[in-house]
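Notes for the structure review
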Amino acid sequence: MSGTLNKVMLIGHLGDEVKMHYFEGGNCIGRFPLATNETYTNRQTGERVTNTDWHNIVVRNKAAEICEKYLSKGDKVYVEGRLKNRQWQGEDGNTRYTTEVHVQDFTFLTTKKESMANAQSSGSSSANYQEPAKADSPTPPTDNSEEEDDDLPF
């Protein structure tokens, strides 16, 4: 096989608000930390253990503006994208490294407001956004609450 694949899919909770940076020419970038959890029971002690991993999420242009507008700390979101490694020179002269997830597609799963409302009643809505192939033709978020009828048996 001669092809390669760089794809990441995460479902987690925002660890902070979306931080925006705007550039000349109208482009922008949004960054936020995303927490994913792994929970298991320790066989020796019977104790429940939760490990949290933090991921640096990067969203660009229209997608970043949508995230800034609708997401806040604690919200649950699905992101799909590519891993990118970056390095820079720190103020102390040391080389710093980071790994980021550059988002190509995302879906809002729950917001803090929805989570509080769902505690009182059931049901939730989600919003979906896919990074457009061309930067000049953004796709607005869509509501996936209506399922299409198809002939698939599953």
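Preceding block: the structure.
Residues numbered from 1 in each chain as written. Predicted model: local features only at pLDDT ≥ 70, side-chain atom pairs only at ≥ 80, totals over all residues. Heavy atoms only, no water.

Moving on: the pattern of salt bridges. According to the stated counting rule, one finds five salt bridges in the structure shown. Among the ionic pairs, Lys 7 bridges to Glu 80, the shortest N-O distance being 3.1 Å. Here Glu 80 lies in strand β5 (residues 76–89) and Lys 7 lies in the segment before β1 (8–14), a separation of 73 residues in the sequence. What makes Lys 7 partly exposed here is its relative accessible area of 47%. Note on Glu 80: relative accessible area 15%, which makes it buried. One salt bridge connects Glu 100 with Arg 86, and the closest N-O pair in it is separated by 3.0 Å. Pair noted here: Glu 100 is in strand β6 (residues 95–110) and Arg 86 is in strand β5, with a separation of 14 residues, a long-range link. On the basis of relative accessible area, Glu 100 is assigned to the buried category, the value being 4%. Accessibility expressed as a relative area gives 35% for Arg 86, which makes it partly exposed. A network of salt bridges, in which partner residues are shared, links Arg 31, Arg 86 and Glu 100. (Salt bridge = Lys/Arg side-chain N within 4 Å of Asp/Glu carboxyl O. Helix = DSSP H or I, 4+ residues; strand = E, 2+ residues; numbered from the N terminus. Buried < 20%, exposed > 50% of the residue type's maximum accessible area, 1.4 Å probe, protein only.)

It is worth spelling out the nonpolar core at this point. In terms of nonpolar packing, the biggest core is built from 21 residues, with Leu 34, Ile 57, Val 59, Val 79 and Phe 106 touching the most fellow members. Counting only elements with at least two residues in this core, the list comes to β1, β3 (28–41), β4 (48–60), α1 (61–70), β5 and β6. Contacts of Leu 34, omitting those with residues within four sequence positions, involve Leu 10, Gly 12, His 13, Leu 14, Asp 53, Trp 54, His 55, Ile 57, Val 77 and Val 79. (Core = buried A, V, L, I, M, F, W, Y, C linked by side-chain atoms within 4.5 Å. Contact = heavy atoms within 4.5 Å.)

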